[in-house]
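# Summary of the model geometry
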Amino acid sequence: MAELPQIHSVHKSQRALDSRGSHRSPGRPERPPLVALVNWPFLLVVALVVSYGLLVCWSAVQGDADYSFNRQLAGVGAGLVIMTVLWRFDYRRLANMTTALLVINVVLILLPHVPGLGTTAGMGARSWIKIGMQVQPGEFAKVTVVLFAASLLARYQGTLDDWREYCKVLGLLLVPFACIMTQPDLGTGLVYMAISAVVLVMGGAKARYLLLTVVAGVAAIAAVFAVDELLKYQLDDGTWEYRLLKNYQRGRLLVFLNPEADLSGDGYNLAQAKIAIGSGGLFGKGLLNATQSTHGFLPEAPTDFIFCVLAEELGFMGVVLLIALYAALIAICLSIARAADDLFGMLIVMGVVGMWLFQILENIGMDVGLMPITGIPLPFVSYGSSFMVVNFALIGLIGSVWSHRSIQGRKAA
Amino acid sequence: MLLAIIVAVLAAVIAIVVIAAALAVKANRSTPSVGATKGVSQLDTVGVGTSPFERRTSARAARDGEVTVGSSEDPAAAKKPSDGLGTRFAAVGALAAGIFAVLASKLWTMQILGNSEYANAAEQNLYTTVKTPAPRGCIYDANGVPLAVNRPAQAVLADPEVADNRDVVRRLSTVLGVPVNVLFQRIKDASGGAQSLRVLGQDVRLRDVAFIAEHADAFPGVTVEERSLREYPYGALAAHVLGYTSNVTPEIMENKTEGREILSIDTVGTAGVEATYDSYLAGEHGESKVMVDANGRRISVMSNIDDSKGSDVYLTIDARAQYVADRALADLIAPREGVIGTGKGCKGAVVALDVTDGSVVVMSSFPTFDPTNFTGAFSQDLMDKYNSEEAYAPLNNNVVSGQFMAASTFKAFTSLAGLEYGFASESSSWNCTGEWDGFDTGVVQKCWNHAGHGTLDLYGGIVNSCDTVFYEIGKAFYDHGPEGSGDLPDTALQEYIEQFGFGERTGVDLGGEAVGLIPTPAWKAEHWRNVPSEAVWRGGDYTNMIIGQGDVLVTPLQIACAYAGVATGTIMRPHLLKEVRNSAGETVVTFEPEVSRTPQVTEAHLTYVRNALHDMVRESHSVAPLFEEAGIDAAGKSGTGEKQDQNDTAWFVAYAPFDDPKYVVACVVEQGGGGSDTAAPVVAEVMAELMADAAGTSTVTIERVAGSPGESVEIAVDSGGRED
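What comes next is a walk through the structure. (Residues numbered from 1 in each chain as written. Chains lettered and ligands numbered in written order. Predicted model: local features only at pLDDT ≥ 70, side-chain atom pairs only at ≥ 80, totals over all residues. Heavy atoms only, no water.)

Let's shift gears to the overall build of chain B. Along the backbone of chain B there are 23 helices and 23 strands. A buried classification covers 52% of the 724 residues belonging to chain B. For chain B, the proportion of contacts with a sequence separation of at least 24, taken over those separated by at least 6, is 72%. Here chain B has roughly 31200 Å² of accessible surface; of this, 50% comes from carbon and sulfur atoms. (Helix = DSSP H or I, 4+ residues; strand = E, 2+ residues; numbered from the N terminus. Buried < 20%, exposed > 50% of the residue type's maximum accessible area, 1.4 Å probe, protein only. Contact = heavy atoms within 4.5 Å. Areas by Shrake-Rupley, 256 points an atom, 1.4 Å probe, with all protein chains shown as cover.)

Side-chain pairing between opposite charges can occur once the charged atoms of the two side chains come close. Residue and element names in this part refer to chain B. Across all of its chains, the model carries 25 salt bridges over all chains by this definition. For the salt bridge of Glu 274 with Arg 136, the shortest nitrogen-to-oxygen distance reads 3.1 Å. Of this pair, Glu 274 sits in helix H10 (residues 272-276) while Arg 136 sits in the loop between strand S1 (127-132) and strand S2 (139-140), and the two are 138 residues apart along the sequence. Under the relative-accessibility criterion, Arg 136 is labelled buried at 4%. As a salt-bridge pair, Glu 274 and Arg 230 come within 2.6 Å of each other at their nearest N and O atoms. Separated by 44 residues along the polypeptide, Glu 274 in helix H10 and Arg 230 in strand S5 (residues 222-231) bring together distant segments of the chain. Using a relative accessible area of 4% as the deciding quantity, one classes Arg 230 as buried. One connected set of salt bridges, linked through shared partners, spans Arg 136, Arg 230, Glu 274 and Asp 278. (Salt bridge = Lys/Arg side-chain N within 4 Å of Asp/Glu carboxyl O.)

Moving on: the packing of aromatic side chains. All names here are of chain A. All told, the structure shown has 31 aromatic pairs over all chains when counted by the stated rule. Ring centres of Phe 42 and Trp 87 lie 6.3 Å apart, and the angle between their planes is 50°; on these two criteria the pair is classed as tilted. Linking Phe 42 in helix H3 (residues 40-61) with Trp 87 in helix H4 (residues 69-88), this pair joins segments that are 45 residues apart in sequence. Per residue, the accessibility class of Phe 42 equals that of Trp 87, and both read buried. Ring centres 5.0 Å apart and planes at 75° place the aromatic pair Tyr 67 and Tyr 383 in the edge-to-face group. With Tyr 67 in the loop between H3 and H4 and Tyr 383 in the loop between helix H14 (343-368) and helix H15 (385-403), the pair connects residues that are 316 residues apart, well separated along the chain. On the accessibility criterion, Tyr 67 (18% relative accessible area) is buried. (Phe/Tyr/Trp six-rings, centres within 6.5 Å; stacked < 30°, edge-to-face > 60°.)

Here the focus is the sheet that holds strand S11 (residues 347-354) of chain B. Note: strands within a sheet are paired through backbone hydrogen bonds, in either parallel or antiparallel orientation. All names here are of chain B. The antiparallel open sheet is built from five strands, whose spatial order is S12-S11-S23-S22-S21. Of all the strands in the sheet, the pair left with one neighbour each is strand S12 (360-366) and strand S21 (635-641). Strand-to-strand twist of the sheet, defined as the mean angle between neighbouring strand axes without regard to direction, takes the value 5°. In this sheet, strand S23 (residues 663-670) lies alongside strand S22 (residues 649-656) in antiparallel orientation, the contact comprising seven bridges. When the sheet's bridge partners are listed, Phe 652 is paired in S23 with Cys 667. (Pairing = 2+ DSSP bridges. Axes fitted to C-alpha atoms, helices over the stretch in contact; angles between N-to-C directions.)

Moving on, we get to a nonpolar patch on the surface. All names here are of chain A. A contiguous nonpolar surface patch, about 370 Å² in accessible area, is contributed by Val 227, Leu 230, Leu 231 and Leu 244. With respect to the secondary-structure elements, Leu 230 resides in helix H9 (residues 207-231). In this structure Leu 230 comes out as exposed when scored by relative accessible area, which is 74%. (Patch = residues over 30% accessible without salt bridge, like charges linked within 9 Å, V, L, I, M, F, W, Y side chains within 5 Å.)

Let us now look at the environment of A:Ile275. Locating A:Ile275 in the fold gives a position in helix H11 (residues 266-278). C-alpha of A:Ile275 to C-alpha of A:Val368: the two residues are 93 residues apart in sequence and 9.4 Å apart in space. If near-sequence neighbours (up to four positions away) are discounted, A:Ile275 is found in contact with A:Gln292, B:Tyr118, B:Ala121, B:Ala122 and B:Asn125.

Moving on, we get to helix H12 (residues 319-333) of chain B. All names here are of chain B. With 15 residues, H12 extends 21 Å from end C-alpha to end C-alpha; this agrees with the ideal 21 Å at 1.5 Å per step. Within H12, 12 of the 15 residues are buried, leaving the element largely enclosed by the surrounding structure. Those residues of H12 that are buried lie in contact with strand S3 (146-158), S11, S12, S23 and helix H23 (675-695). Residue Asp 318 occupies the N-cap position of H12, its side-chain oxygen lying 3.0 Å from the main-chain nitrogen of Arg 320. (Expected span 1.5 Å × (residues − 1). Polar contact = N/O pair within 3.5 Å; in protein donor to acceptor, adjacent residues only side chain to side chain.)

Structure, rendered in structure tokens:
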């Protein structure tokens with residue numbers, strides 16, 4: 001990190017200025033107003049989203065012995081504790097820990113590769129570790145990726161207009177993605193990309209560079225397919241195996257392009273997801289009445305396809321309610337980001353915004369056929385305590401950004 | 001439900017309050033003093049400032065070496081990092097709004113605009129129509145004696161995919177007691193259709209079924225269904241009439257008649273009346289609309305149309321007489337444990353008709369089979385035995401499919417031919433020396449009575465079955481044919497005989513009926529086309545044919561029908577169906593007797609032949625006592641067919657009562673010896689039972705008849721010579 005540019009200026013502690021000017025005798029407790037420490041609309045929306053998510057999750061796990069609602073509740077409980085801790089924690093302490101955050105990220109994401117610790121579950125990706133229970137370090141790394149990206153960009157003070165520096169930042173941001181692709185877990189990798197992209201944009205990277213990056217990215221994807229076509233080799237049973245993208249990943253992309261191509265595999269999932277959503281109608285079939293998921297037509301109903309359960313049971317009204325809550329959450333987060341004192345705090349909030357936006361888009365988008373199928377959970381709704389804890393941690397960080405902004409800012413707000 | 005929502009909301013509210021309280025308490029306690037907070041401008045770290053939560057004393061701060069420096073900057077000059085990024089904030093906001101708008105509009109099109117389509121698809125997912133096989137109708141004899149009924153049986157079925165799961169197959173093997181490789185064979189057998197459930201066990205013990213049901217998790221893809229299986233209360237009784245049912249094969253599916261719905265789970269009649277009247281016997285499939293899950297497991301039944309049992313078929317068979325015939329044949333041919341060769345002959349048939357309407361009252365064929373062996377567990381061993389040569393084809397119905405040389409039973413019709421063409425009359429007479437060479441070929445044809453019958457007329461020729469008399473009549477046909485005077489075609493005799501139904505199917509309501517053979521010059525030329533020396537139509541063909549030997553082949557049913565024609569003057573179409581009753585017991589079909597043919601015969605000639613047949617029974621020293629004992633006034637004819645290196649084929653056919661004919665009974669026993677000795681007692685016994693039954697004086701109790709084991713010992717050739 002030595003090559004990183006020196007910081008040209010730091011923001012003053014408005015709080016310190018403020019206290020000095022307030023002629024209060026030293027030692028007397030200063031009482032910041034409660035309303036200023038807690039962003040009530042934010043907390044309210046979070047509470048509503050979490051409750052709504054729990055309700056849907058509860059409905060989705062009924063009658064399926066593989067899932068336990070209590071585990072989900074435990075996740076929320078643990079999340080609340082972590083949220084409270086992080087809310088009080090001064091996020092600024094993490095600001096210049098870029099190197100450490102990068103190392104933590106790499107270690108965390110590569111943890112499942114440690115023999116004896118990592119296990120494979122589901123699609124055969126090495127995404128899990130066993131420590132008493134199975135957890136996905138890649139999920140937890142979402143927090144550290146947000147922090148890492150924010151701290152990295154914060155160093156540039158909002159102006160990243162040197163292309164060499166830009167490339168360096170780009171390269172460093174791609175490290176977590178590269179690590180997660182060794183599992184491989186394209187879905188989580190794309191979440192890291194989304195976080196990095198938003199942080200990059202909000203971190204002040206030059207517009208031209210960003211445009212070039214998008215062009216280069218598209219070209220790279222095209223190149224991956226083209227090179228894959230050259231590198232493919234035939235297996236003994238006559239099928240072709242590709243080296244760069246897994247067959248199931250290709251299959252999902254192809255299904256996305258032509259959903260009718262495979263009605264038994266991924267195409268089946270998509271068709272069943274669409275049926276679940278479409279059959280919900282305006283008001284839905286009522287809680288616990290989702291025939292598509294309770295009767296097993298919808299695979300992975302409580303996790304990746306939980307939105308379908310919501311859409312089927314509560315209909316368009318239920319879906320719109322969730323989307324409205326998400327929109328409110330994002331809007332409040334944007335306002336918190338705007339109110340943040342320092343770039344680091346703002347970028348943390350924006351990174352989280354990017355992550356949530358992408359996960360919402362991808363999860364709901366894949367259900368309705370707008371996005372390729374990838375196993376990305378829906379924030380606050382999907383079954384899974386790891387991700388629930390992660391989301392609460394991020395809320396805690398956002399709360400910390402809000403609470404630690406300057407008094408002046410508070411007064412202004 | 002509502003409770004859950006309330007609890008969730010309450011929990012959320014409590015959580016908010018607790019967190020807020022925790023934060024507030026901490027905030028209240030925090031008293032960051034001016035001196036304790038450090039000036040940010042001196043720090044080499046970015047962004048780290050004071051926290052409202054921090055509670056640090058100045059002493060502690062001093063210990064940590066922190067220095068507080070007041071900032072000289074004007075608070076108003078403080079800039080938010082977001083200030084210069086308004087456009088980008090707007091862009092992210094717009095992106096978010098765009099995402100939510102796109103998702104919401106897409107959901108609108110799916111949930112509101114496309115709702116009905118998707119709702120239909122969900123419905124289709126959820127509901128399936130399941131068809132259940134219906135029990136077949138039962139089969140009864142004319143008096144309501146059950147011949148084929150149903151009993152419930154448990155069938156174990158499996159998905160074809162079970163073959164991929166060795167453990168499940170192994171477990172099934174243990175439970176069902178069937179070797180693993182046999183189970184694999186059954187699973188791989190796709191004869192019922194690629195997706196059809198495979199029948200792994202058809203008549204499984206309830207104990208084993210219960211075990212599978214209790215351990216359903218250990219048997220994925222395995223289901224148990226109750227099916228109805230055929231039960232035959234009397235075993236092999238009338239087995240060839242009843243036939244048997246089979247599981248559905250692709251051929252059956254292909255050849256099904258229109259309107260008959262066959263599912264792979266059904267059993268279909270493939271032989272006997274089970275096949276002929278399959279459409280009556282087959283029931284209506286039950287149909288239930290069931291809610292299923294993705295694995296096809298039933299969750300609940302939405303609507304149910306019960307299957308309806310097929311209609312019951314009542315046959316014209318008289319079960320008691322049938323039993324007598326079945327027993328008589330079995331006792332005659334295979335008295336020791338059903339092994340052929342331990343008695344007389346290798347195979348036989350008995351058929352009895354009601355001459356007035358063509359009803360088949362007895363149709364017995366030996367060797368026989370127990371149709372029970374064709375239901376449930378199918379024994380391949382037995383099947384292999386039945387297919388071997390020493391079994392003498394137990395599945396073959398000798399009455400309709402067996403072709404035998406007609407022997408002297410033919411003489412009734414050839415004498416009528418002689419009378420009609422004027423080659424014989426009441427006044428004509430011949431001299432039998434035991435040997436005959438009417439064509440002067442040097443090849444001497446013998447009468448069965450090598451000593452000769454002396455001088456006799458046609459009447460005597462019939463009664464004594466004198467071959468010489470018939471050789472002369474045959475010669476007359478030859479002499480008037482194309483080789484002689486030419487005033488008759490060379491098929492005159494054949495055409496006359498064919499009036500009685502020979503060489504043609506009788507039209508009985510059973511499959512597999514044989515045609516028999518009445519040789520003609522054309523047939524002979526075709527048959528021997530590769531051996532021109534044998535293909536020539538000779539006088540000997542007439543003389544052989546006229547005594548029912550040579551190439552003449554008839555089925556027992558043809559003989560019975562033809563004698564019915566002699567007895568009454570008309571031949572009714574033989575039939576087994578009496579009536580069909582639906583499940584409510586109403587008679588829905590009644591068989592209408594129909595005249596099959598009316599031979600053009602001068603009544604006087606017919607009377608002449610009838611009287612001769614009457615006397616044949618009354619005067620024969622071996623036959624007469626049989627009928628006298630039973631008090632039956634019968635007319636009939638014996639026959640003994642000769643074949644080189646084999647025992648003779650024994651024939652006897654009789655109708656009774658002579659004055660007012662009711663029944664005709666024919667019996668043939670291949671390699672059984674003389675007709676009067678071997679076949680006549682069977683005919684007499686069956687006729688007696690029929691008469692007793694008609695009079696209501698029968699004392700016979702029907703017992704279970706055993707199927708043949710499919711075994712035989714070598715049949716001793718008794719070169720005793722023919723005795724008609």
